[in-house]
Amino acid sequence: MTGWTADRIPDQRGRVAVVTGANSGLGLVTATELARHGAHVVLAVRNTTAGEEAARRIGGDVEVRELDLASLDSVRAFAAKLAADHPAIDLLVNNAGVVLLGPRRTSADGFELQLGTNMLGHFALTGLLLGKLAEAREARVVSLSSITHKNAHLDFDDLMFERDYRAVPAYGRSKLATTIFGVELDRRLRAAGSPIVSALAHPGLTRTNLTPRAWEHRGRLGQLVARVGLLATQSVEQGALPQLRAATEPGVRGGQFFGPSRLRETWGPVTEARLSREAADPAVGKRLWAAAEELTGINYL
């Protein structure tokens, strides 16, 4: 398999990079490569014990900080402490995510857990760190999308999926919302004349620990389904390349979207990916942004 690889990442020395969900999967690979190329990497993780173990594996210039994206109090505390310790932040990789295939669950703030973690937590985090990103010379925000966003649709009359809840569509909605956020963030940054770049990426079908966890509620049958499903996926190292390219390649433009190039963007070398019509719709972006501001109480741009 040829194409863009992590060896093409330019020197990251002097840059501060924050990676959410950095203790495993795509986040761990992303943090590892950024540190390998000289960045100071903040591992923003819910489980700090797992984060410290990841830090030992990564080596380099890394630090571990607690962040639970399913709690706005945790997001605010994390952002405040980080801002106090770092005069500028060069890169924010909104990587963390949760996949649930069991019953409906809610976050600490009462949000449907997948939407609350995958999109609303990152919306809040980005807003709270925007001032520090503005202090950097070439700052970027990378939002992690999914190919599931292409078949999803937001219901603004039931954004928290309280009626007729179904886990798989709920996950797709959460990733559509995340994608819309990344695109709308780019629009607003450009309208404000900000040099901060908002880019997006998705990993196609990649072997991470999210799939096995998602099937835990189904016992042995769930374990079997998860193992069979993993056979159709690419390695986590390959799956992390789109977000690493979005995060580090010189000249990336705001709104650019990277993903795998083969078999309907499920695997293969990195290329520019395609947004769904709903994800690219400015009216939907404006409406979701207003809803996110109201739900989180965090207003910016």
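This text goes with the structure placed above it.
For clarity, every value in this text was computed on a predicted model and none was experimentally measured.

**Student:** Any chance you could explain the sheet that holds strand S4 (residues 91-94) here in plain terms?
**Tutor:** Hydrogen bonds between backbone groups are what pair the strands of a sheet, and the pairing can be parallel or antiparallel. With respect to topology, 8 strands assemble into an open sheet ordered S3-S2-S1-S4-S5-S6-S7-S8, the strand pairing being mixed. Of all strands in the sheet, those with a lone pairing partner are strand S3 (62-66) and strand S8 (267-272), marking the two edges. This sheet shows a mean twist of 20° between the axes of neighbouring strands, independent of strand direction. Where strand S6 (residues 197-201) meets strand S7 (residues 257-262), 2 bridges bridge the pair, whose relative direction is parallel. In the strand pairing of S7, Ala-201 is matched with Phe-258. Across the sheet, helix H5 (residues 167-191) lies against S4, strand S5 (140-144) and S6, angled at about 155° from S6, the strand it touches most. Packing of helix H9 (residues 241-248) onto the sheet brings it into contact with S4, S5, S6, S7 and S8, and relative to S5 it is tilted by some 160°.

**Student:** What am I meant to see in the packing of aromatic side chains here?
**Tutor:** A ring pair, where both rings are aromatic, is described by two values, the distance of the centres and the angle of the planes. Counted by the stated rule, this structure contains 6 aromatic pairs. Ring centres of Phe-123 and Tyr-300 lie 5.0 Å apart, and the angle between their planes is 40°; on these two criteria the pair is classed as tilted. With Phe-123 in helix H4 (residues 113-134) and Tyr-300 in the segment after helix H10 (282-296), the pair connects residues that are 177 residues apart, well separated along the chain. Like Phe-123, the residue Tyr-300 is buried in the burial classification. Measuring from centroid to centroid gives 5.4 Å for Phe-161 and Tyr-165, while their planes differ by 75°, and the two rings are edge-to-face. Three or more aromatic residues link up through ring pairs in this structure, and these residues are Phe-123, Phe-181, Trp-289 and Tyr-300.

**Student:** How should I be thinking about the pairing of strand S1 (residues 16-20) in this particular structure?
**Tutor:** Across a regular strand the side chains alternate sides, sitting on one face of the sheet and then on the other. Where burial is concerned, most of S1 is hidden: 5 out of the 5 residues are buried. Burial along S1 is two-sided: Val-16, Val-18 and Thr-20 facing one way and Ala-17 and Val-19 facing the other are all buried. As defined by bridge partners, S1 adjoins strand S2 (residues 40-45) across 5 bridges and the pair is classed as parallel. Residue pairing for S2: Val-18 is matched across the bridge by Val-42. What joins S1 to S2 is helix H1 (residues 25-36), and the crossover it makes is right-handed.

**Student:** Honestly, the environment of Ala-79 in this entry has me stumped. Any pointers?
**Tutor:** Mapped onto the elements of the fold, Ala-79 is located in helix H3 (residues 72-85). C-alpha of Ala-79 to C-alpha of Ser-143: the two residues are 64 residues apart in sequence and 17 Å apart in space. Sequence-distant contacts of Ala-79, that is, excluding residues within four places in its chain, are made with Leu-128 and Leu-129.

**Student:** Can you help me understand the nonpolar core in this one?
**Tutor:** Buried together is how nonpolar side chains tend to be arranged in soluble globular proteins. Formed by 47 residues in total, the largest nonpolar core has its most connected members in Val-18, Phe-78, Met-119, Leu-125, Leu-133 and Tyr-300. For this core, the elements supplying multiple residues, two or more each, are S1, S2, H3, H4, H5 and H10. Among the elements that make up this core, the one with the highest residue count is H4 (9 residues). Non-local contacts of Met-119, meaning those with residues more than four positions away in its chain, are made with Gln-114, Ser-174, Ala-177, Thr-178, Phe-181, Leu-288 and Ala-292. Within the second largest apolar cluster, 36 residues are counted, among which are Ala-6, Val-19, Val-142 and Ala-201.

**Student:** Whenever I open this one, the pattern of salt bridges confuses me. Can you help?
**Tutor:** Where charged atoms from two side chains of opposite charge approach closely, those side chains can pair. Within this structure, the stated rule accounts for 15 salt bridges. Among the ionic pairs, Glu-265 bridges to Lys-150, the shortest N-O distance being 3.5 Å. Pair noted here: Glu-265 is in the loop between S7 and S8 and Lys-150 is in the loop between S5 and H5, with a separation of 115 residues, a long-range link. Of the residues examined, Glu-265 reaches a relative accessible area of 3% and is grouped as buried. Taking relative accessible area as the criterion, Lys-150 reaches 28% and is therefore assigned partly exposed. One salt bridge connects Glu-184 with Arg-188, and the closest N-O pair in it is separated by 2.7 Å. Of this pair, Glu-184 and Arg-188 are both found in helix H5, 4 residues apart, which corresponds to roughly one turn of the helix. Classification of Glu-184 by relative accessible area gives buried; the value is 5%. Several salt bridges converge on common partners, so that one network encompasses Asp-7, Glu-33 and Arg-36.

Reading the values: the criteria
Residues numbered from 1 in each chain as written. Predicted model: local features only at pLDDT ≥ 70, side-chain atom pairs only at ≥ 80, totals over all residues. Heavy atoms only, no water. Pairing = 2+ DSSP bridges. Helix = DSSP H or I, 4+ residues; strand = E, 2+ residues; numbered from the N terminus. Axes fitted to C-alpha atoms, helices over the stretch in contact; angles between N-to-C directions. Contact = heavy atoms within 4.5 Å. Phe/Tyr/Trp six-rings, centres within 6.5 Å; stacked < 30°, edge-to-face > 60°. Buried < 20%, exposed > 50% of the residue type's maximum accessible area, 1.4 Å probe, protein only. Right-handed = clockwise from strand over helix to strand, strands pointing away. Core = buried A, V, L, I, M, F, W, Y, C linked by side-chain atoms within 4.5 Å. Salt bridge = Lys/Arg side-chain N within 4 Å of Asp/Glu carboxyl O.

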